[in-house]
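Coordinate analysis (summary)
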Amino acid sequence: DGGITQSPKYLFRKEGQNVTLSCEQNLNHDAMYWYRQDPGQGLRLIYYSQIVNDFQKGDIAEGYSVSREKKESFPLTVTSAQKNPTAFYLCASSWTTTPYNEQFFGPGTRLTVL
Amino acid sequence: AQSVTQPDIHITVSEGASLELRCNYSYGATPYLFWYVQSPGQGLQLLLKYFSGDTLVQGIKGFEAEFKRSQSSFNLRKPSVHWSDAAEYFCARGGGSNYKLTFGKGTLLTVNP
């Protein structure tokens, strides 16, 4: 079945540590996205990538980094510079970044900083 | 800047009752509008989308939405709610000068038996 997988489902991190969240898709989509979700805040865009080896900052990129070395993969690193990293992180993909393209979402990773 | 407003943070309905979730978007040319649903601890699933044409859009799970340009609204409706519809619902819009999909803050739906 085609879809998006995110791992792990739950992640615990100590303050000062970097952590990487995995996102893989087998939909053959060019575009991929990372969102952060906080209670009552909706979804906020962290980074997006239109194509392999290219990515752009979203609204809240500070303290995060990404790479896009393969079409299928778009890992997100939460660095120690992110002041409040505890949140639910969602990865999405679409055929292109054209606004009429539906975004497909993964099941999410819940990150908790201890 | 684009914005999406969902005025109702939390709605409670009885099973079998009708449902309307409100969504207002900031004015702009050719809005691309979406409704997504999210079950607790899960990702988002697309219910329906509107780009152009017929202003009444049918989606999955018996949902529909009506685009009203004069009111900048894209309200989601369902004639008879089922207990399994309990979830959080997000309205979103695309278009404008960037690639961003702008989400509302969501409406949490509780269904009473």
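Scroll up to find the structure.
Residues numbered from 1 in each chain as written. Chains lettered and ligands numbered in written order. Predicted model: local features only at pLDDT ≥ 70, side-chain atom pairs only at ≥ 80, totals over all residues. Heavy atoms only, no water.

**Quick notes on the packing of aromatic side chains**
Following the criterion strictly, the structure yields 15 aromatic pairs over all chains and no others. An aromatic cluster is defined as three or more aromatic residues linked by ring pairs; in this entry it consists of Tyr-33, Tyr-35 and Phe-105 of chain A together with Tyr-32, Phe-34, Tyr-36, Phe-51 and Phe-103 of chain B. Residue placement shows Arg-68 of chain A over the ring face of Phe-74 of chain A; its charged tip is 6.0 Å from the ring centre. (Phe/Tyr/Trp six-rings, centres within 6.5 Å; stacked < 30°, edge-to-face > 60°. Lys NZ or Arg CZ within 6 Å of the ring centre and 35° of its normal.)

**What about the interface of chain A and chain B?**
Facing 22 residues of chain A, the contacting portion of chain B comprises 20 residues. Together chain A and chain B conceal approximately 1800 Å² of surface at their shared face, both sides included; 58% is due to carbon and sulfur atoms. At the surface where chain A touches chain B, the tally comes to 0 salt bridges. Along the contact surface separating chain A from chain B lie 3 residue pairs in polar contact (both at pLDDT 80 or more). Here the residues of the side of chain A that touches chain B sort into 10 nonpolar, 9 polar and 3 charged. (Contact = heavy atoms within 4.5 Å. Buried area = accessible area lost by both parts, 1.4 Å probe. Salt bridge = Lys/Arg side-chain N within 4 Å of Asp/Glu carboxyl O. Polar contact = N/O pair within 3.5 Å; in protein donor to acceptor, adjacent residues only side chain to side chain. Nonpolar A, V, L, I, M, F, W, Y, C, P; charged D, E, K, R; others polar.)

**Overview of the side chain of Asp-38 of chain A**
Residues and elements named next belong to chain A. Looking at the element boundaries, Asp-38 is found in the loop between β4 (31–37) and β5 (43–51). Residue classification places Asp-38 among the buried residues on the basis of a relative accessible area of 14%. Apart from residues no more than four positions distant in its own chain, Asp-38 is found in contact with Arg-44, Thr-86 and Ala-87. (Helix = DSSP H or I, 4+ residues; strand = E, 2+ residues; numbered from the N terminus. Buried < 20%, exposed > 50% of the residue type's maximum accessible area, 1.4 Å probe, protein only.)

**Structural notes on the environment of Cys-91 of chain B**
Residue and element names in this part refer to chain B. Within the secondary structure, Cys-91 sits in strand β10 (residues 87–94). As for Cys-91 and Lys-105, which are separated by 14 residues in sequence, their C-alpha atoms are 8.2 Å apart. Setting aside anything within four residues of it in sequence, one finds Cys-91 in contact with Val-4, Gln-6, Cys-23, Phe-34, Trp-35, Phe-74, Thr-102, Phe-103 and Gly-104.

**Re the nonpolar core**
Leu-19, Trp-35, Leu-47, Leu-48, Phe-74, Leu-76 and Tyr-89 of chain B are the most contacted members of the largest nonpolar core, which has 25 residues in total. For this core, the secondary-structure elements that each account for two or more residues are β2 (10–14), β3 (19–21), β5 (32–38), β6 (44–50), β8 (64–68), β9 (73–78), β10 and β12 (107–112) of chain B. Not counting the four nearest positions on each side in its chain, Leu-19 of chain B is found in contact with Ile-11, Val-13, Phe-63, Leu-76, Arg-77, Lys-78, Val-81 and Leu-109 of chain B. Counting 20 residues, the second-largest nonpolar core is a separate cluster that includes Ala-61, Leu-76, Ala-87 and Cys-91 of chain A. (Core = buried A, V, L, I, M, F, W, Y, C linked by side-chain atoms within 4.5 Å.)

**Things to note about the pairing of β6 of chain B**
All names here are of chain B. Judged by how many residues are buried, β6 sits mostly within the fold: 5 of 7 residues are covered. Where β5 meets β6, 6 bridges bridge the pair, whose relative direction is antiparallel. Within the sheet, the bridge partner assigned to Phe-34 lies in β6 and is Lys-49. Hairpin geometry of β5 and β6 is characterised by an intervening segment of 5 residues between the two adjacent antiparallel strands and by a positive phi of about 70 degrees at Gly-41. (Pairing = 2+ DSSP bridges.)

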